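Letter by letter, the chains look like this.
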Amino acid sequence: MKRSTVKMLLASRELDHEVLLKGWVRTRRGNNQVAFIAVNDGTVIHSIQVVADLDAFPEALMKRVTTGSSISVTGKLVASQGKGQRVEILARELIVLGDADPEEYPLQKKGHSFEFLREIAHLRFRTNTFGAVFRIRHSLAFAIHKYFNDRGFFYLHTPIITASDAEGAGAMFKVTTLDLNEPPRNDSGAIDFTQDFFGRPTNLTVSGQLEGELGALALSSIYTFGPTFRAENSNTPRHVAEFWMIEPEMAFYDIHDNMDLAEDFLKYLIKYTLEHCQDDLEFLNKMVDKGLMERLRFVLEHPFERMNYTAAIHILKQSGAKFEFPVAWGSDLQAEHERYLVEKHFKRPVILTDYPAEIKAFYMKQNDDGKTVRAMDVLFPMIGEIIGGSQREEELGKMQQRMKEMNIPEDELWWYLETRKFGTVEHSGFGLGFERLIMFITGMSNIRDVIPFPRTPKSAEF
RNA sequence: UCCUCAGUAGCUCAGUUGGUUAGAGCGGCGGACUGUUAAUCCGUAGGUCGUAGGUUCAAGUCCUACCUGGGGAGCCA
């Protein structure tokens, strides 16, 4: 007989026929006559109840049906006699596929702390919460590809190993095949990277943006979706050393087109999840974050507030709120400032634009005022900056001048500059942190709980 | 990296001004129970008190360093 998934069985309209079920035992209840076994196979958040008459199965077998064990059940799918579930399976045949010694198996029927589950990340997939989170993670990844594909964007694979160290997005992980104990040295005593695998120093990428721009300036609209690495010693619930980022890049888009896309994109993803992951969201709303669904719907139904940096500074100064860090034009907004704008003042997502050039990257389009650049940050409640982007500087001379001011060597980025030299056009793009998006949509408050295998300082188990 | 809090049974935690043999709930194990829903009831085992030093007649408790984790900050996505 062909195996049916729990998802199929729970949705089944046809009853009273034989089915084959395979899955993992979540709980077992019962009395001396009958056992109720909750079986989950991860296809949906719900488990299905298997009813086993103890007269029909040897005691030695039933003793092996413990929390965490895997079983195969053949039996009739029937309407449940008890309350709490619509259907159940009356077991005719039951096989234990894999034992799970109850004295050793760490997961219990009761809830565990996320901190503890992080220590057993290899088993946390078997919990309701992590099942929900990772099913949603999948759906979001799929929805991202669907969104861009439906709009004519091309998925571009930018390199994971990069030779450019000029992107300014933080510390990088070095990639080398040199012997770290005895690296080759040149005449001046420095490590001789000409003998390294690529003949030059290389790192793991911190962003695919610069390469993404090359694609956009030929294919019109592209997006990247891949792993990104930051060697920063960041210890917060919002940072990991290895994460996934989505970076669309569009030729012929100005900053306003860019904002329109960012807002539409985020709303699409929220809507997609509400429509396709209802059961998982309802579970998370009930068990993890009681305000989750309401917040998602609110973000969906209201336009994002758009305002430039200078106006935001004005609001903060007028607010009368007490901040630990002073509000001053020219300095970057602190987390407390962003939170005030999003959570107290506007009470909705905010897109801030036109930041002072000094606090933003060299590639951002310079405004005519000579002071600000066409940056755009999308700020979300709970998690802060979810998107950072800009219209890009397309004038070669202006970019070269800015690079000089910021001590960025032109020769390392000659290929990037040539896109401004040959047929340059207005273009824009942004980066969305995939895990931060998942945090917002699932209500999980620690980024380590929305990525299957988190990499953080001093932690790379599993 | 800085600030701060924490680390006691498999899990979640209590443990008084330092003072005899370190407790509870859940989970596990044994038993009872005719349909359970985090089942219920009775019984039971289980501890190098994060690690290393120190103070003291005496340290889970006080001091120092380190490790690990949570929260906040910085950096950012």
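Residues numbered from 1 in each chain as written. Chains lettered and ligands numbered in written order. Predicted model: local features only at pLDDT ≥ 70, side-chain atom pairs only at ≥ 80, totals over all residues. Heavy atoms only, no water.

A.B. asks: How should I be thinking about the protein's contact with RNA strand B in this particular structure?
C.D. replies: With respect to spatial proximity, 49 residues lie near RNA strand B, and among them N31, K83, T236, Q334 and R436 are the closest. Expressed as a percentage, the sugar and phosphate content of the atoms of RNA strand B within 4 Å of the protein is 51%. At a separation of 2.4 Å, a base nitrogen of RNA strand B approaches a polar side-chain atom of Q108. Listed by contribution, the elements that provide at least two residues to the surface near RNA strand B are strand 2 (17-30), helix 3 (114-119), strand 12 (242-251), helix 10 (335-345) and strand 16 (384-391). Its residues assigned to classes, the surface near RNA strand B shows eleven nonpolar, 21 polar and 17 charged. (Near = heavy atom within 4 Å. Polar contact = N/O pair within 3.5 Å; in protein donor to acceptor, adjacent residues only side chain to side chain. Helix = DSSP H or I, 4+ residues; strand = E, 2+ residues; numbered from the N terminus. Nonpolar A, V, L, I, M, F, W, Y, C, P; charged D, E, K, R; others polar.)

A.B. asks: What exactly am I supposed to notice about the sheet that holds strand 17 (residues 427-433) here?
C.D. replies: Picture the strands of a sheet paired through backbone hydrogen bonds; they go either parallel or antiparallel. Ordered by their spatial adjacency, eight strands build an open sheet running 7-11-12-17-16-15-14-13, and the pairing between neighbours is mixed. Unpaired on one side and paired on the other, strand 7 (154-155) and strand 13 (305-308) mark the two borders of the sheet. Judged from the four bridges that link them, strand 13 and strand 14 (residues 350-356) form a sheet pairing that is parallel. Looking at strand 14, one finds that R306 is bridged to I351. Contacts from helix 4 (residues 128-150) reach strand 7, strand 11 (221-229) and strand 12 within the one sheet, and its direction differs from that of strand 11 by about 150°. (Pairing = 2+ DSSP bridges. Contact = heavy atoms within 4.5 Å. Axes fitted to C-alpha atoms, helices over the stretch in contact; angles between N-to-C directions.)

A.B. asks: I tried to follow the sheet that holds strand 8 (residues 161-162) on my own but got confused; where do I start?
C.D. replies: Judged by pairing direction, the sheet is antiparallel, and its three strands sit side by side in the order 8-10-9 without closing on themselves. Bordering the open sheet on either side are strand 8 and strand 9 (174-175), each of which pairs with just one other strand. Sheet topology places strand 8 next to strand 10 (residues 202-204); two bridges connect them, and they run antiparallel. Its bridge partner being in strand 10, I161 is matched across the sheet by L204.

A.B. asks: For this particular structure, what's the right way to read the packing of aromatic side chains?
C.D. replies: How two aromatic rings sit relative to each other is set out by the distance from centre to centre and by the angle between their planes. Across all of its chains, the model carries 24 aromatic pairs by this definition. Ring geometry for F225 and F434: centres 5.0 Å apart, planes at 70°, overall edge-to-face. Of this pair, F225 sits in strand 11 while F434 sits in helix 13 (residues 434-442), placing them 209 residues apart in sequence. Residue classification places F225 among the buried residues on the basis of a relative accessible area of 7%. Through a chain of ring-to-ring contacts, three or more aromatic side chains come together here, namely Y147, F148, F153, Y155, Y223, F265, Y268, Y272 and F430. The ring of W329 carries the charged tip of K371 above its face, separated from the ring centre by 5.4 Å. (Phe/Tyr/Trp six-rings, centres within 6.5 Å; stacked < 30°, edge-to-face > 60°. Buried < 20%, exposed > 50% of the residue type's maximum accessible area, 1.4 Å probe, protein only. Lys NZ or Arg CZ within 6 Å of the ring centre and 35° of its normal.)

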